[in-house]
Amino acid sequence: MRGSWRANRNPDEPRPERGRPRCPKWLDEKAKEAWALLIPPLDRMGVLAKIDGNALARYCRLHSRWRDAEEFLQKQGDTYLAKDADGRVTGVKAYPHARIAAQLSEQLLRLEQHFGMTPAARARLSAPREDEGTDDLRSRYLRVGG
């Protein structure tokens, strides 16, 4: 009786052409691996449009860079011994890769939220069902409830 948040959706929201965007050739191998793993489940969720290619390419490239930074940290650790010109230890410093990995992780999370790749993000998304065809005024009226 009080309505729902769906009733307040923008009826004039653009509806881009649904479908799988093409994987850009310029992505590196790790980014292409991420693309291959992401596209099928996102497509099944019904959240993909062909225009999403650039955002997904950016996500996959960030994911590749994040993996590189994390692999470095796994091998080297998060810190190293800082030494002066004479070779004496002056302290412990964090590798720049630790900061880079953290920044990339934040950027990845923001993009994951946009595509519904986190539980909280999925709770806020709605995707059209496969049986929904054209969105004429009558079907919009019936779906919103008057």
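What comes next is a walk through the structure. Everything quoted here is computed from the prediction, not taken from an experiment.

**Concerning the nonpolar core**
Piece 1. Formed by 18 residues in total, the largest nonpolar core has its most connected members in Leu27, Trp35, Leu42, Leu56, Tyr59 and Cys60.
Piece 2. Ignoring anything within four residues of it in the chain, the contact list for Trp35 reads Pro21, Arg22, Cys23, Pro24, Leu27, Pro40, Gly53, Leu56, Ala57 and Cys60.

**Points about the environment of Arg61**
Piece 1. In this fold, Arg61 is placed in helix α2 (residues 53-76).
Piece 2. When the C-alpha positions of Arg61 and Lys32 are compared, they lie 8.5 Å apart, and in sequence the two are 29 residues distant.
Piece 3. Excluding its chain neighbours within four sequence positions, the residues that come into contact with Arg61 are Leu27, Asp28 and Ala31.

**Thoughts on the pattern of salt bridges**
Piece 1. In total, this model carries nine salt bridges according to the counting rule given.
Piece 2. For the salt bridge of Arg20 with Asp43, the shortest nitrogen-to-oxygen distance reads 2.9 Å. Taken as a pair, Arg20 in the segment before α1 (29-45) and Asp43 in helix α1 lie far apart in primary sequence, 23 residues in all.
Piece 3. Classification of Asp43 as partly exposed rests on a relative accessible area of 27%.
Piece 4. Salt-bridge contacts for Asp84 lead to Arg88; the nearest nitrogen and oxygen are separated by 3.3 Å.
Piece 5. Here Asp84 falls in the partly exposed class, since its relative accessible area comes to 26%.
Piece 6. By relative accessible area, which is 53% here, Arg88 ends up exposed.
Piece 7. Through salt bridges with shared partners, one network takes in Lys30, Glu33, Arg67, Asp68 and Glu71.

Cut-offs applied
Residues numbered from 1 in each chain as written. Predicted model: local features only at pLDDT ≥ 70, side-chain atom pairs only at ≥ 80, totals over all residues. Heavy atoms only, no water. Core = buried A, V, L, I, M, F, W, Y, C linked by side-chain atoms within 4.5 Å. Buried < 20%, exposed > 50% of the residue type's maximum accessible area, 1.4 Å probe, protein only. Contact = heavy atoms within 4.5 Å. Helix = DSSP H or I, 4+ residues; strand = E, 2+ residues; numbered from the N terminus. Salt bridge = Lys/Arg side-chain N within 4 Å of Asp/Glu carboxyl O.

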